[in-house]
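Residue-level listing of the chains:
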Amino acid sequence: MLLGLVLGQGAVLPAENPETLLNRWLATHTNLQSLGADFVQTRTLRSLTQPLTTPGRLWFAAPASFRWELGNPAQTIAVRQTHDLWVIYPVQKRAERYELQGANSHWRETLALLEAGFPRSRAELEARYRIASLTLTNELLVVVLIPRHVAARRLIPELSLGVGATDHRLRFTSLKMADGSQMRQDYTNIVHNPAWTESPFKWAPPADYQVVEPLARRPRGP
């Protein structure tokens, strides 16, 4: 009996290593077609003694459609469609349109930072980021990524993903900006492949909105 107790104590299975957990999390995205989640955004700025926290909502659909709303009611909305990114300010009745089809690679790679939490495979993740470190602490896997593209790295030198070690769910994303500020989003109520009665990615500017195109080429003077 004593021998059995001793052997039983020694039979505890070792915890999975960070590499295995990362691959397991990426495997859950193989069949990920869409996702919905709530989040709380925390912004840490050098000019402020206390961080700013704001609730928000996220919708995502493969391969690259998303809707991101910040505030309740929404103060800022970003909607990525097939060829356009809309940044919408409902209170000001103003919208910015960014045409993606003709955008240069610098802009596209910078925009891809918004999709860092939804890689479809390890190859896709490592094509855009160098994995700087993998750390497992308190049932949370923290993945630190460095953007490979120079333009994206100048804006955001480092970003981190937090993944649950047991449920393999995205817990947070954290962006470290070039000016030293940080923006972190903690996710809750994540639903994989939800059934939407209406697509959250459909949006067109109302007639009373001012629409500007910051990336549009201005005509040259004489």
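Residues numbered from 1 in each chain as written. Predicted model: local features only at pLDDT ≥ 70, side-chain atom pairs only at ≥ 80, totals over all residues. Heavy atoms only, no water.

A word on helix 2 (residues 18–28). Taken residue by residue, helix 2 has Leu21, Leu22, Trp25 and Leu26 as its buried positions. With its buried residues spanning 135° around the axis, helix 2 presents them on a single face. Buried residues belonging to helix 2 abut helix 4 (122–128), strand 7 (129–137), strand 8 (140–147), strand 9 (158–164) and strand 10 (170–176). Where helix 2 starts, the residue carrying a side-chain oxygen 3.1 Å from the main-chain nitrogen of Glu19 turns out to be Asn17. (Buried < 20%, exposed > 50% of the residue type's maximum accessible area, 1.4 Å probe, protein only. Helix = DSSP H or I, 4+ residues; strand = E, 2+ residues; numbered from the N terminus. Arc of directions from axis to C-beta. Contact = heavy atoms within 4.5 Å. Polar contact = N/O pair within 3.5 Å; in protein donor to acceptor, adjacent residues only side chain to side chain.)

Glancing now at the side chain of His168. As for its placement among the helices and strands, His168 is situated in the loop between strand 9 and strand 10. Taking the relative accessible area as the measure of exposure, His168 reaches 15% and is therefore buried. Ignoring any residue separated from it by four or fewer positions in sequence, one finds His168 in contact with Leu21, Arg24, Trp25, Thr28 and Val163.

A surface patch of positive charge is lined by Arg130, Arg148, Arg153 and Arg154. Among the structural elements, Arg148 can be located in the loop between strand 8 and helix 5 (150–155). (Patch = residues over 30% accessible without salt bridge, like charges linked within 9 Å, V, L, I, M, F, W, Y side chains within 5 Å. Areas by Shrake-Rupley, 256 points an atom, 1.4 Å probe, with all protein chains shown as cover. Salt bridge = Lys/Arg side-chain N within 4 Å of Asp/Glu carboxyl O. Lys, Arg positive; Asp, Glu negative; His and termini not counted. Charge placed at Lys NZ, Arg CZ, Asp CG, Glu CD.)

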